[in-house]
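# Tertiary structure, described
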Amino acid sequence: QVQLVESGGGLVQAGGSLRLSCAASGRTFSSYVMGWFRQAPGKEREFVAGIFRSGGTTDYADSVKGRFTISRDSAKNTVYLQMNSLKPEDTAVYYCAADFLSWDIRRKDYAYAYWGQGTQVTVTS
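The text that follows walks through the structure, step by step, so that each part is easy to find. The structure presented is a predicted model; accordingly, all values stated were derived computationally and were not measured.

Cut-offs applied
Residues numbered from 1 in each chain as written. Predicted model: local features only at pLDDT ≥ 70, side-chain atom pairs only at ≥ 80, totals over all residues. Heavy atoms only, no water. Helix = DSSP H or I, 4+ residues; strand = E, 2+ residues; numbered from the N terminus. Rg over C-alpha atoms; globule rule 2.2 N^0.38 Å. Buried < 20%, exposed > 50% of the residue type's maximum accessible area, 1.4 Å probe, protein only. Contact = heavy atoms within 4.5 Å. Polar contact = N/O pair within 3.5 Å; in protein donor to acceptor, adjacent residues only side chain to side chain. Pairing = 2+ DSSP bridges. Axes fitted to C-alpha atoms, helices over the stretch in contact; angles between N-to-C directions.

## Considerations on the overall build of the chain
Looking only at helices and strands, the chain features 0 helices and 11 strands. Along the chain, helices and strands appear, N-terminal first, in the series β-β-β-β-β-β-β-β-β-β-β. Over its C-alpha trace the chain gives a radius of gyration of 13 Å, about what one expects of a compact globule, namely 14 Å for 125 residues. Each of the three principal axes of the chain carries a C-alpha extent, and together these read 40 × 25 × 25 Å. Out of the 125 residues in the chain, the part that is buried amounts to 46%. A separation of at least 24 residues holds for 60% of the contacts in the chain among residues at least 6 apart in sequence.

Printed below as a string of structure tokens:
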């Protein structure tokens, strides 16, 4: 069993920055791929970023590439999402998720067995 707890969401103006954190517990942190997803009102949940078990490989949705950075700290069992140059269209509930079966970064949410409760990010224009 894996427990994931996100934090760091909030209200920010366009062009601003936020850093989301996701603290994991329950299994060996390095044994799973971690992903960030988001869901805006009335829209489907979408992949934002992912990081491989070792942290050496990352993947980003085109919409956030160059603005967001995913990283992980194995000593703290935590994965981060640094979000810069935020836009109103980034407004959503952001979720972190853990996938302990795959050997690559999956963009489909059904690949991830464990999910956090979500944290709201609101970007005003």
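## Details of the environment of Thr122
Inspection of the secondary structure puts Thr122 in strand S11 (residues 119-124). Overall, the relative accessible area of 26% leaves Thr122 in the partly exposed class. Considering only alpha carbons, one finds Thr122 and Ala92, 30 residues apart in sequence, at a separation of 6.6 Å. If sequence neighbours within four positions are ignored, Thr122 has contacts with Gly10, Leu11, Val12 and Thr91. In terms of polar contacts, Thr122 uses its side chain to reach the side chain of Gln120, at 3.3 Å.

## As for unusual backbone geometry
Phi angles above zero are rare outside glycine, and Asn77 is one such case at about 50 degrees. You can see Asn77 is positioned in the loop between strand S7 (68-73) and strand S8 (78-83). You can call Asn77 partly exposed: its relative accessible area is 26%.

## Quick look at the sheet that holds S7
Taken together, the 4 strands give an open sheet; going across it, the order is S1-S3-S8-S7, and neighbouring strands pair in antiparallel fashion. Looking at the sheet topology across the chains shown, the edges are occupied by strand S1 (3-7) and S7. The average angle at which neighbouring strand axes cross in this sheet is 15 degrees, direction not considered. Where S1 and strand S3 (residues 18-25) come together, 5 bridges link them in antiparallel fashion. Within S3, the position partnered with Gln3 by the bridge is Ser25.

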